[in-house]
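Structural features, examined
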4 protein chains.
Amino acid sequence: MSQISLSNLNGAAKADFVAALANVVEYSPWIAEQLADKRPFAGINQLHTALMAVIQGADPDVQLALIRAHPDLASKTRRAAGLTAESTNEQNSAGLDRLSDAEYAAFERVNNAYRAKFGFPYIVCVRRHTRDSVLRDFEVRLRNIAKTETRRAIEEIGRISALRLDQLVIADDELKVHGRLSTHVLDNQIGRPAAGIPVELVELSALGENRIIARAVTNADGRTDQPLIGGRPLPIGRYELRFSTAGYYAERNVQLTDPPFLDDIPLRFAISEPEGHYHVPLLVTPWSYSTYRGS
Amino acid sequence: MSQISLSNLNGAAKADFVAALANVVEYSPWIAEQLADKRPFAGINQLHTALMAVIQGADPDVQLALIRAHPDLASKTRRAAGLTAESTNEQNSAGLDRLSDAEYAAFERVNNAYRAKFGFPYIVCVRRHTRDSVLRDFEVRLRNIAKTETRRAIEEIGRISALRLDQLVIADDELKVHGRLSTHVLDNQIGRPAAGIPVELVELSALGENRIIARAVTNADGRTDQPLIGGRPLPIGRYELRFSTAGYYAERNVQLTDPPFLDDIPLRFAISEPEGHYHVPLLVTPWSYSTYRGS
Amino acid sequence: MSQISLSNLNGAAKADFVAALANVVEYSPWIAEQLADKRPFAGINQLHTALMAVIQGADPDVQLALIRAHPDLASKTRRAAGLTAESTNEQNSAGLDRLSDAEYAAFERVNNAYRAKFGFPYIVCVRRHTRDSVLRDFEVRLRNIAKTETRRAIEEIGRISALRLDQLVIADDELKVHGRLSTHVLDNQIGRPAAGIPVELVELSALGENRIIARAVTNADGRTDQPLIGGRPLPIGRYELRFSTAGYYAERNVQLTDPPFLDDIPLRFAISEPEGHYHVPLLVTPWSYSTYRGS
Amino acid sequence: MSQISLSNLNGAAKADFVAALANVVEYSPWIAEQLADKRPFAGINQLHTALMAVIQGADPDVQLALIRAHPDLASKTRRAAGLTAESTNEQNSAGLDRLSDAEYAAFERVNNAYRAKFGFPYIVCVRRHTRDSVLRDFEVRLRNIAKTETRRAIEEIGRISALRLDQLVIADDELKVHGRLSTHVLDNQIGRPAAGIPVELVELSALGENRIIARAVTNADGRTDQPLIGGRPLPIGRYELRFSTAGYYAERNVQLTDPPFLDDIPLRFAISEPEGHYHVPLLVTPWSYSTYRGS
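Conventions we followed
Residues numbered from 1 in each chain as written. Chains lettered and ligands numbered in written order. Predicted model: local features only at pLDDT ≥ 70, side-chain atom pairs only at ≥ 80, totals over all residues. Heavy atoms only, no water. Least-squares fit on C-alpha atoms with pLDDT ≥ 70 in both. Contact = heavy atoms within 4.5 Å. Phe/Tyr/Trp six-rings, centres within 6.5 Å; stacked < 30°, edge-to-face > 60°. Helix = DSSP H or I, 4+ residues; strand = E, 2+ residues; numbered from the N terminus. Buried < 20%, exposed > 50% of the residue type's maximum accessible area, 1.4 Å probe, protein only. Salt bridge = Lys/Arg side-chain N within 4 Å of Asp/Glu carboxyl O. Pairing = 2+ DSSP bridges. Axes fitted to C-alpha atoms, helices over the stretch in contact; angles between N-to-C directions. Domains from an automatic or database assignment. Buried area = accessible area lost by both parts, 1.4 Å probe. Polar contact = N/O pair within 3.5 Å; in protein donor to acceptor, adjacent residues only side chain to side chain.

Our focus in this paragraph is the relation of the copies chain A and chain B. Superposition of chain A onto chain B requires a rotation of 180 degrees combined with a translation of 0.0 Å along the rotation axis, giving an RMSD of 0.1 Å. In symmetry terms, the pair is related by a two-fold rotation axis. Minimal C-alpha separation from the rotation axis in chain A is found for Ser-290 of chain A, amounting to 1.9 Å. The residues that chain A uses at the interface reappear at the interface of chain B in 100% of cases, marking a shared surface.

Have a look at this one:
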């Protein structure tokens, strides 16, 4: 998807504006058409607010049609057919293209139950979720009444469209749609950052397989050169950071026992705020460590 | 094995003394016979020192015969046949009766290599080891020269006999053959011990399966009623303590995120001193924790 | 004060019983006389409960006379004259015999205000207080109505008599009147207790001088041989524990900066539960430390 | 002192260049004269390196005269008379204008002893020191031989001139002459930065009075808006950071004891690297805290 500037959008012919924003909301060009008449927009936040106002101001029938225009989540059948490129990318980001058989069965079950109960597909902004948290959200929302779910579906369409706008439109302001996960290793034995420590970030799954989603080595400041997750929402879910410290100490000629008391150190934690900043540091000696949610 | 007091041993007829101590060293009643003439013993430490002096004073041929009287470790063939009850119990304690195929193959390989190189079986005090550390010890010792291994084998026979004496003989003094692993959970949010926290101790294995070797719930003092391992040597190896804290905080009406930032907390550490005291506490809040080797 | 066993008290002639307990409550032998008739007591807790029942069952006039029989706190005039030996000891324990001029003036002021408002002396179990907390308690209670203060005065008489019984009577059970303050130094650089660390306990005062009330050196287990305060209530107040760690690390040939980043480490905390157990440990490296209320 | 750009210095008439740099080294315009001929300088580091080369290339007699051109430290007599404005400012920065009688006497004593032994004044870059560390440096250097002290004096002249150049000359590169002291308060009870915590930084003195050198309140990120010390070298010495946490918790309706277990929290540490970055954070709950040298 090539990017376009907000000022170009503001000045574009209506047809071009509609074409540019066509896929911001799934199969629903009428939204972009109404938006076009509300130009100019002072910023991307104002654009997104206007977009949501268009949706929320639509007739209930139209809203329902909008919801129904969305694909079933993780439906193998529909994947082959009519998913937009945007939807495909987003669903893959949560690992929905790598479901185990057990996971696939679980998704199918709740998906069908949801559609049977409400008559429309379950919509969720998958980039804010792991497979585990999508399943959990599914089960929670399945207990709602239809009215609540119509509202929830539109909220999620709002989140999806915000992320698509964030990728599509260049503006001076920013939509608050990104989170950040970072770490920091301090060697309390010498009062300095610990450089050269291998770090792995693992997404934990209750139903399927755990998978390593980032690998790094700490730099001279004890940090990783890039955030472990950044430039996108943090998927809600459970994670483990793994640090290998014995090699670091051995290289520094610190005397260790055999096997070393501490070596492979796991910090297990959960993310619940996709747009938040999670700093999860490790303060370590060969005989002690601590962690906390920092900032 | 029924117990006998040191004073009874000191006063017993020689034949009874020899019978009582027959299995303290595998298939070698000549040791007990020589020991009998050195009575009385002021304590169990003196008894064990005398036993080691008998072995160390023996002719090299006799020492070699003693070593050869010991069973191959984890040999399925011999297990069916001539293992003493003491050997069987000890080898089971390290999980040698639950070897996976891969582990069994690894044991067979090093065992055969050892016997091929030295002409006598590999002897180790298995109660001081996990499967992983036995394999590791095997590989280290395989590189030794024969003379070193004769000495090492006798050292291990000394450790095995000390543990057998410890179980067999009631005396006023104690052989230093036991270690202790304990924990303690402190809730730093309220400045009190955390009661009711489920704790699991898992033995980690590089080659085979991890296995849960203790389960407990913290009491009013934040400790477990019994040490996690006690009354025996601590097997050298890698372990994980797992604490579930979210349920504890939920019951105390502490507001947690969904999912809670911390819930299932793993502390991974290694034991290298089987006769040591390892205290591995958890200081915890819903947003931070620390651990250290305590005392 | 020589001690007497509960069984002797139970079996003594009434006059002897009354004589033995004469000073448990200031100048009020009628209490012991009534208690004598309720013998035998199964334990010291039952004895103290009965004593409080006698006081609480007395006529308001008698209760008031009991309260009035108590000395003014820290009154220099009365100190020369009619204080019982028990009162003198107790008041000294809070440092009331070492008041600065400013403190003495403050005590005089609240004391006179209290007597002027209520018509009876302010009574407090001084062994549960520091000078600062007595003054604070004074100011809080001065705001009460007379009825509340009559009740509070009797409560304090109960605490004073419990401490006196605890010192006087030997029994199988114990009154819960003692607290304990302890510490523990762990060297997280080597995973062992830190031995040989000098420790000072200082009582902090807002109005007068801070004073060192205990000095110790940590033993091989990183603890002090005796609790820093024990065998008595912990005086409510603010304290500082001071640890000197640089000498310890220098002796272990740990390389330190000049001056060392950490050397004289103060832990400042307050005690609010005189009968509680306060464990205030220090986990330390040359570059970090932590403390917490332990158990 | 008004600033001048390096390019202006490079292009200036020789006389103007010499005038501009006259006071970079005390009373020694010959240095600037020689420097003028080495222009242009690519950066301020190159300029300072050239300046040091001029001094180190001078005849011993000239070096000695340069050293002798410096004032006695903290000499009350000379302060009235011939101190340059630069010297006066620098010496005040270490509190040398606020010496107690005991401190003044100590300075006089070592100053006289130094001059008597070496025949030239003791030179030190006072902006890198507290009163305590100047005295300590004095005593260490008094034990040196004359040759060592000539070298040390020139080193210190190098540091003094670097700081003066740093303030005088605007360039693209920077001399590494500044340190930074910062803090950060994290509330481990809620996993967030602690805002609104009052912080004091106190310079501790063994001989004179402690003095508060910075006061701040933590902002929404748990940090102070400005570094506690920044834009200058960190004076070598002992410090205490004081944090008041009970008011913060009381405002958040956290239940505290009376008095609160923790309230006025002192972190005592020393600075030994004037050009270093010292980050001294506080991780805190109402019942625990920790600190470390961070980065």
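How two aromatic rings sit relative to each other is given by the distance of their centres and the angle of their planes. If you walk through the whole model with that rule in mind, you get 44 aromatic pairs over all chains. With centroids separated by 5.9 Å and ring planes inclined at 40 degrees, the aromatic side chains of Phe-261 of chain C and Phe-269 of chain D adopt a geometry described as tilted. Note that Phe-261 of chain C is positioned in the loop between helix H11 (246–251) and strand E10 (264–271) and Phe-269 of chain D in strand E10 (residues 264–271), a pairing that runs across two chains. Both residues of the pair, Phe-261 of chain C and Phe-269 of chain D, count as buried.

What follows concerns the pattern of salt bridges. Between side chains of opposite charge, a pair can form as their charged atoms come close. All names here are of chain A. Tallying each qualifying case throughout the model produces 84 salt bridges over all chains. Its salt-bridge partner being Glu-155, residue Arg-152 comes within 3.0 Å of it at the nearest N-O pair. Residue Arg-152 and its partner Glu-155 are located together in helix H10 (residues 146–168), separated by three residues, close to a single helical turn. Classification of Arg-152 by relative accessible area gives buried; the value is 14%.

Residue and element names in this part refer to chain C. As summarised here, the arrangement of the four strands in space is E7-E6-E9-E10, forming an open sheet in which the pairing is antiparallel. Strand pairing shows two members of the sheet lacking a second neighbour, strand E7 (211–217) and E10, which therefore form its edges. Taken over all neighbouring pairs, the strand axes of this sheet differ in orientation by 20 degrees on average, direction set aside. Strand direction decides the pairing type here: strand E6 (residues 198–204) and strand E9 (residues 237–244), joined by six bridges, are antiparallel.

Across a sheet, paired strands are connected by hydrogen bonds in the backbone, their directions being either parallel or antiparallel. The strand order across the open sheet built from eight strands is E5(C)-E4(C)-E12(C)-E13(C)-E13(D)-E12(D)-E4(D)-E5(D), with neighbouring strands paired in mixed fashion. In this open sheet, the two edge strands, each paired with only one partner strand, are strand E5 (192–193) of chain C together with strand E5 (192–193) of chain D. Pairing analysis gives three bridges linking strand E4 (residues 185–187) of chain D to strand E12 (residues 282–285) of chain D, with the strands arranged parallel. Across the sheet, Leu-186 of chain D pairs through a bridge with Leu-283 of chain D, a residue of E12 of chain D.

All names here are of chain A. Domain parsing of chain A yields domain 1 (4–170) and domain 2 (179–290). The partner domain 2 presents 17 residues to the 17 residues of domain 1 that form the contact. Together domain 1 and domain 2 conceal approximately 1300 Å² of surface at their shared face, both sides included; 47% is due to carbon and sulfur atoms. Contact with domain 2 buries area across many residues of domain 1, yet Arg-128, Thr-130 and Arg-131 alone supply 41% of it, more than any other trio. Counting across the domain 1 and domain 2 interface gives two salt bridges. One can count eight residue pairs in polar contact (both at pLDDT 80 or more) joining domain 1 with domain 2. Among the secondary structure elements, those contributing two or more residues to the side of domain 1 that touches domain 2 are helix H8 (101–118) and helix H9 (131–142).

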